[in-house]
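Next come the chains, spelled out residue by residue.
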Amino acid sequence: MKYPRAEEVGQSWQALAVESAQTELKLCARDAVLTDRPFKDVKKSFADIVDTLVDELESENLKEKCKNTLPPYALKLYAAFLRMFGIGTENNLSSAILLTADRGELGEMAAAAVRDMPPLTAREWAYNRATPLTTLYGNEVMRRIKKHLSEIVDMEPKPDYETNVNLRNVAEMEVRHLHQQKELTALREGGTRLVWIEPHANCSKRCEKYQGKLYSLDHTYGEIEGEHYEPLENATDNPADFHTTKAGITYHNGCISGFNCRHRLVPYQKGNKPATIPANIIRRQRAIEQEQRKCERSIRRAREVTKLLGGLGAGKAYNMALEKQVKLRKEYEAFCRENKVPFYRERLRILEGEQLRSTVKIPKNILSLVPVGRLGELERRKTALTRY
């Protein structure tokens, strides 16, 4: 297991590992174009990133999805960077031409890169590059970067292109699904017969009609102490919760056994009926959570832009991107505090083991009291208190 904080973050670590691998692929594609690497070396680097991820994952289903989805995704990233930088050096140009053989979206992206890449002589290449990752760009190249970088950051690997479910979402759904299956098996093996689907305020529309009700684990209907119960399968395997995409992939997405369900099964005991949550509270909490997810996606994408701009000699654009990601994070934290819900630090990470910049500002009157030699220690303590 490679992910450094797996025990700390719990079952979501596999989703975080997938996100990290996607960011690593973007950085690898960028650096390969900047350093004019041979195509065979680029593909090997992509394969190493994917293999490392697959080796550390626990879910066999998720491993298979990553092996099938990430390699073509990496090549599309590479083609996008080839077009963005527009430098027709020997390896970059030959790589783009090779990719044009693909008859799908990748081939179209590569063909666009070939059209946009002006050829450079060896002497021009030397003048254009100070060091491998410090490039002196003119205004034309900077315009390309600004135009295409946001498009690259928004590119997502999707196991099923007929739905809007990216690989990170698939990872989150998969680990929750496996967790629920383990919990259900443990209840049955422990002899539990009746269970409540414990309600929570921010439940999905799919699960709302099932939560707070009593179910049997032995396929029986009945009544106990005035409470009606029915087989749990009526909630987990309801035909209304099956969905088939245009690609012919069928998703079974019921309560408890479906993907992304966060409900718990609570064994029945006399008098332990869960309280009913009003529908208006559920709608409000669901809307808050949807806004949280939207904010988190925006922050991750803004952080990727900042990461990809690093080392390009694009100081002004880099600083603007850095300011944007900090601003978005402050807005996210303020939204969560205002609505009295926790914010999720791990959902903002884009690389394994990384540390986010602190959003805390120490008042100047306090700073003035700190000896100059202790300012570094104060900064470290401040960062630890707001660790992301």
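This section reports on the structure supplied with the text.

How each quantity is defined
Residues numbered from 1 in each chain as written. Predicted model: local features only at pLDDT ≥ 70, side-chain atom pairs only at ≥ 80, totals over all residues. Heavy atoms only, no water. Salt bridge = Lys/Arg side-chain N within 4 Å of Asp/Glu carboxyl O. Helix = DSSP H or I, 4+ residues; strand = E, 2+ residues; numbered from the N terminus. Buried < 20%, exposed > 50% of the residue type's maximum accessible area, 1.4 Å probe, protein only. Core = buried A, V, L, I, M, F, W, Y, C linked by side-chain atoms within 4.5 Å. Contact = heavy atoms within 4.5 Å. Polar contact = N/O pair within 3.5 Å; in protein donor to acceptor, adjacent residues only side chain to side chain.

1. Points about the pattern of salt bridges
Evaluated as defined, the whole model comprises 22 salt bridges. Between Glu 233 and Arg 188 there is a salt bridge, and its shortest N-O distance comes to 3.2 Å. Residue Glu 233 is located in helix 11 (residues 233-236), and its partner Arg 188 is located in helix 9 (residues 167-189); the two are separated by 45 residues in the primary sequence. What makes Glu 233 partly exposed here is its relative accessible area of 22%.

2. Thoughts on the nonpolar core
One finds Phe 46, Cys 66, Tyr 78, Phe 81 and Phe 85 to be the most contacted residues of the largest nonpolar core, which totals 58 residues. Counting residues per element, this core draws most heavily on helix 4 (residues 60-85), which supplies 14 residues. Aside from chain neighbours lying at most four places away, what touches Tyr 78 is Ala 29, Ala 32, Val 33, Arg 37, Phe 39, Val 42, Phe 46, Asn 92, Ser 95 and Leu 99.

3. What about the side chain of Arg 30?
Residue position: Arg 30 is located in helix 2 (residues 13-34). Owing to a relative accessible area of 6%, Arg 30 belongs among the buried residues under this scheme. A polar contact is formed between the side chain of Arg 30 and the side chain of Asp 31, at a distance of 2.8 Å. Residues contacting Arg 30, with those up to four places away along its chain left out, are Phe 81, Phe 85, Lys 307, Leu 308, Leu 309, Gly 310 and Leu 312.

4. Describing the environment of Cys 203
Structurally, Cys 203 can be placed in the loop between strand 3 (194-198) and helix 10 (205-208). Judged by its relative accessible area of 0%, Cys 203 falls in the buried class. Taking the C-alpha atoms as reference points, Cys 203 and Arg 283, separated by 80 residues in sequence, lie 8.8 Å from one another. Setting aside anything within four residues of it in sequence, one finds Cys 203 in contact with Glu 208, Gln 211, His 263, Ile 282 and Arg 286.

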